[in-house]
Amino acid sequence: MPLKAADKIFPEWIRFCCSVHYSRHFPEQLEFLLKQTVRKLEELAEEVRKKSNGYPNNSISGDVWFNGAVVRNWSEALGYLFEMRQKPQEKAAVL
């Protein structure tokens, strides 16, 4: 799935994880889902970094800039979830 399309799905994913968090059910499964989510964000951030053409010293394509903005927004949403869960180290890592 292209990152642009996934941008519409990720907020729902975070809402789902927040719902699981608030329900206090399935804590082990939530931990697993969050670790997988962080891993995917790390992969996407690395992909953006590799394609960034040395930005800000060089120009950057619109698609790469957009993808970087998407990953940043996702990281902020995930950081908020870690804040709610009182996990400051995880929040700092994703931000």
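What you are looking at is a predicted structure, and each value in this text was computed from that prediction instead of being measured.

A.B. asks: Tell me about the side chain of Ser52, residues and numbers included.
C.D. replies: Along the chain, Ser52 turns up in the loop between α2 (27-51) and α3 (62-84). At a separation of 2.8 Å, a polar atom in the side chain of Ser52 contacts the main-chain carbonyl oxygen of Arg49. The residues touching Ser52, leaving out its near neighbours within four places in the chain, are Ser59, Ile60 and Val64.

A.B. asks: Lay out the nonpolar core in plain terms, naming residues and giving numbers.
C.D. replies: One finds Leu34, Leu41, Trp74, Leu78, Leu81 and Phe82 to be the most contacted residues of the largest nonpolar core, which totals 18 residues. Of the residues forming this core, the biggest block, seven residues, is contributed by α3. The contact partners of Leu78, leaving out residues within four places of it in the chain, are Ile14, Leu34, Thr37, Val38, Leu41 and Val94.

A.B. asks: So, the pattern of salt bridges: which residues are in play, and what are the values?
C.D. replies: Under the counting rule described, the total for this entry stands at eight salt bridges. With a shortest N-O distance of 3.8 Å, Glu43 and Lys40 are connected by a salt bridge. Here Glu43 pairs with Lys40, and both are found in helix α2, just three residues apart, close to one helical turn. Using a relative accessible area of 43% as the deciding quantity, one classes Glu43 as partly exposed. Given the relative accessible area of 44%, Lys40 is considered partly exposed. As a salt-bridge pair, Lys51 and Glu47 come within 3.2 Å of each other at their nearest N and O atoms.

A.B. asks: Lay out the state of the cysteines in plain terms, naming residues and giving numbers.
C.D. replies: Each disulfide consists of a covalent bond between the sulfur atoms of two cysteine residues. What the rule picks out here adds up to zero disulfides. Cys18 supplies the cysteine sulfur nearest to Cys17, a cysteine that is in no disulfide, at a spacing of 7.2 Å. Exposure remark for Cys17: the relative accessible area of 1% places this residue in the buried category.

So, how was this worked out
Residues numbered from 1 in each chain as written. Predicted model: local features only at pLDDT ≥ 70, side-chain atom pairs only at ≥ 80, totals over all residues. Heavy atoms only, no water. Helix = DSSP H or I, 4+ residues; strand = E, 2+ residues; numbered from the N terminus. Polar contact = N/O pair within 3.5 Å; in protein donor to acceptor, adjacent residues only side chain to side chain. Contact = heavy atoms within 4.5 Å. Core = buried A, V, L, I, M, F, W, Y, C linked by side-chain atoms within 4.5 Å. Buried < 20%, exposed > 50% of the residue type's maximum accessible area, 1.4 Å probe, protein only. Salt bridge = Lys/Arg side-chain N within 4 Å of Asp/Glu carboxyl O. Disulfide = S-S within 2.5 Å.

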